[in-house]
Amino acid sequence: MSKNTTDNPALPNENDKAKDLAPDIEVSTGEFMTTNQGVRINDDQNSLKAGDRGPTLLEDFIMREKITHFDHERIPERIVHARGSAAHGVFKVYKSLAPYTRAGFLQDPTRETPVFVRFSTVAGSRGSTDLARDVRGFAVKFYTQEGNFDLVGNNMPVFFIQDAMKFPDLIHAVKPEPDNEIPQAASAHDTFWDFISLMPESAHMIMWAMSDRAIPRSYRMMEGFGVHTFRLVNDKNESHFVKFHWKPLLGVHSVAWDEAQNISGKDPDFHRRDLWDAIASGNFPEWELGLQIVPEADEHKFDFDLLDPTKIIPEELVPVQRVGKLTLNRNPDNFFAETEQVAFHIGHVVPGIDFTNDPLLQGRLFSYTDTQLIRLGGPNFHELPINRTIAPLHNNQRDGYGRQMINRGKSSYSPNTLGGGCPFQAKFAEGGFTSHAERIDAHKVRERSPSFRDHFSQARLFFSSQSEPEKNHIIDALRFELGKVKTVAIRERMLVILANIDNGLANEVAYGLGLSIPKELPGTVNQSIPADADPQSYESVNPEGKLARSEALSMANTVKNSIRTRKVAFLAADGFDDAAVSLVRTALEKEGAIVEIIAPKQGFILSEDQKQLEVHHSFLTGASVLYDAVYVPGGVNSVATLAAEANAVHFLNEAFKHCKPIAADEAARQVLEATYFHKKLPPDAEEDTVLREGIVVLQDLKALSDKFILAMKQHRFWEREKPRRVPA
Ligand code: HDE
């Protein structure tokens with residue numbers, strides 16, 4: 001580890017964690033190249049040889065060191081969540097949460113707590129696409145003054161399984177199949193659905209995973225959830241149950257599935273790049289921390305079990321209180337040192353936060369340290385700069401691979417007299433972590449609580465809370481995923497599960513698969529299949545249930561008040577109308593959107609009055625799927641060129657297909673007339689038409705900009721899909 005740069009200008013000393021990292025930052029500007037022993041190197045181009053055509057000498061310690069280090073550069077990737085991107089930031093609470101918790105970082109609205117947040121997909125390898133249909137990890141490390149707190153969550157509030165015992169099975173099923181390692185970063189294959197079709201408890205999570213939540217537009221536009229019920233404990237040692245939420249200030253938005261598959265080819269780093277670019281350009285992503293707090297006395301008040309991780313607490317039953325803000329404001333300096341080596345652990349809690357007996361949570365408490373031991377090679381991973389606490393650290397743990405700390409003194413045991421009894425234990429009042437003294441009086445059993453048996457009510461609640469387009473997307477996703485499954489009995493078993501959720505859903509999926517819903521569970525004659533796998537044997541508390549819909553579950557109800565950081569493609573060629581480009585561009589940029597010029601070739605294009613405009617992408621390197629909206633300015637020659645340019649027409653067709661806002665000057669109508677959707681162009685650009693159709697064609701550029709912005713705030717016009725009038 002290099003400690004040679006204490007005042008690195010690249011790292012603003014804006015908070016305690018940044019200061020803590022500063023001594024470890026290496027900058028080679030203006031420095032000589034050295035070996036790892038600090039010896040200056042005078043030739044890094046040639047190995048040491050016996051004559052210029054002779055064999056390389058074993059003596060060449062410089063080459064040996066360089067190649068040895070290179071040979072050992074890789075560490076095992078995470079078994080799940082291997083593909084990720086991260087950023088530094090800060091968290092601040094809005095007001096003291098002292099009535100609920102004694103956690104120091106949740107007391108004082110003036111205290112800024114440094115954080116490091118890693119987003120990830122679950123199933124794919126490190127090099128897989130960002131746009132896989134998958135759950136997203138949302139892991140936050142709070143470097144609090146009382147130690148590290150890791151909130152290791154996902155972008156979906158429930159999980160596939162109820163007991164940690166099933167996790168290796170779930171992951172083996174979803175990962176590429178073991179004989180041929182196909183498919184990469186995809187759940188659309190036999191082993192995954194084989195497992196799921198035998199696991200009715202996954203029904204609720206499957207609804208989320210088949211919804212558009214699994215293909216976010218951006219990490220910056222997804223919610224985060226702690227999933228399990230945790231505890232908050234205050235300084236009177238009183239406990240409340242809590243569910244953690246992250247609410248993105250930009251709203252919750254997704255892309256279309258066809259678009260996701262295209263992005264995977266055009267830019268597999270789409271989410272990684274989006275996060276990096278947003279932070280680099282000062283558009284710091286923000287989320288509010290939300291809490292659902294349940295008094296201990298209400299533990300059994302719900303028709304589901306708070307300890308069951310396949311259940312949400314509907315926001316209608318317990319509102320989410322927004323208690324603080326997370327802002328990501330700095331990109332990592334080094335991907336490996338920070339994003340790859342960061343080690344999250346659900347068991348990293350601080351006084352004031354505690355666990356419940358959720359059996360999934362309990363299993364995770366074991367797994368996360370264990371996994372770091374193999375991944376990071378030993379018990380000292382907490383000393384890696386990105387993992388180390390900014391709180392004072394003293395204990396009697398010693399030695400091990402890669403030990404950094406130089407512990408002074410003779411005693412490394414407690415109790416001791418030789419070290420003056422140090423380090424001391426801390427009482428509760430001195431900030432010592434004291435586990436909540438929950439009373440437990442039970443038999444030791446391998447069993448699932450009967451209160452965990454209803455697997456379908458909340459799956460149904462989720463499905464019925466979706467808008468029509470969202471429901472159609474779930475149906476399409478299931479047709480796609482099950483359509484890739486080769487074993488017909490697996491598809492049929494899934495239809496039985498779906499029928500338990502919603503008959504209409506099951507029928508639609510069955511139709512797409514060319515199957516009918518079987519009366520009996522097919523293909524489960526094998527003795528090794530648990531009787532529990534029969535969904536008919538489960539209770540479903542809620543067909544006539546109390547809560548039929550929850551608004552919070554539909555992305556259609558998300559905030560739609562901003563176009564900040566939305567990317568807009570301007571399609572133009574030589575002879576474009578400069579006034580139109582400038583005016584619309586200025587209007588969009590004023591609202592925080594990002595405009596990029598796409599033209600037939602890279603370099604510059606010339607306007608009607610010979611003004612130069614820099615081109616960001618040609619049709620070869622830019623693609624409609626990488627933008628949120630598209631605009632075509634006027635200009636006789638530009639319009640004629642684009643109308644005759646198949647790539648420009650395809651760009652627009654695809655934007656239409658993916659339900660994106662489209663705007664064009666009246667003078668550019670010729671380009672739109674070359675598209676397949678021109679016959680469907682709305683007759684006018686009145687506000688209600690714009691909000692319905694998302695297409696603006698106007699002569700008045702001021703009015704065009706205003707309406708285009710209005711349309712962009714809606715994000716997508718899924719209604720376009722309804723008549724299924726969009727060709728492939
Ligand atoms: Fe994880 N999970 N998980 N998980 N998980 C890991 O830890 C595990 C679960 C989550 O960006 C691993 O350091 C078990 C739920 C995230 O570095 C591993 C069970 C939720 C990340 C592990 C679960 C998560 C992980 C792999 C069931 C949402 C990435 C590498 C009992 C609340 C963190 C690692 C990062 C990573 C185990 C279920 C979220 C193997 C055994 C539920 C965001 O320890």
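- Looking at an unreviewed UniProt entry, the protein chain carries the name Catalase, with the source organism given as Dawidia cretensis.
- Here is the UniProt Function (unreviewed entry) comment for the protein chain, exactly as written: "Decomposes hydrogen peroxide into water and oxygen; serves to protect cells from the toxic effects of hydrogen peroxide."
- UniProt, in the comment section headed Cofactor (unreviewed entry), describes the protein chain in these words: "heme".

1. Re the sheet that holds strand β15 (residues 617-618)
- What the 6 strands build is an open sheet, ordered β15-β12-β11-β16-β17-β18; its pairing is parallel. Only two strands of the sheet have a single partner each, and these edge strands are β15 and β18 (695-698).
- When strand β12 (residues 594-599) meets β15, the two strands line up parallel, connected through 2 bridges. Note on β15: the bridge partner recorded for I598 is H617.

2. Some details on helix α9 (residues 359-375)
- Relative to the 24 Å expected for 17 residues at 1.5 Å per residue, α9 spans 25 Å between its end C-alpha atoms, a close match to the ideal helical length.
- Of all the bends found along α9, the most pronounced is centred on L365 and spans about 25 degrees.
- When α9 is considered as a whole, its buried residues turn out to be P359, L360, L361, R364 and Q372.

3. With respect to the UniProt feature "active site" (unreviewed entry) in the protein chain
- Those residues carrying the UniProt feature "active site" (unreviewed entry) are H81 and N154 in this numbering. On the basis of their most widely separated C-alpha atoms, the annotated residues across 74 residues gather in one place, lying no more than 10.4 Å apart.
- Inspection of the secondary structure puts H81 in the loop between α2 (61-71) and β1 (84-93).
- In this view, H81 contacts S120, V122 and G137; residues no more than four positions away in its chain are not counted.
- The residue N154 is located in strand β4 (residues 147-154) in this model.
- We classify N154 as buried; it has 24 C-beta atoms within 10 Å.
- Beyond its immediate stretch of four places on either side in the chain, N154 contacts V135, R136, G137, F138, F225 and V227.

Rules used throughout
Residues numbered from 1 in each chain as written. Predicted model: local features only at pLDDT ≥ 70, side-chain atom pairs only at ≥ 80, totals over all residues. UniProt positions renumbered as here; feature names shortened; annotations may be inferred. Pairing = 2+ DSSP bridges. Helix = DSSP H or I, 4+ residues; strand = E, 2+ residues; numbered from the N terminus. Expected span 1.5 Å × (residues − 1). Bend = angle between axes of the 7 residues up to and from the residue. Buried ≥ 20, exposed ≤ 12 C-beta atoms within 10 Å, placed from the backbone. Contact = placed C-beta atoms within 7 Å.

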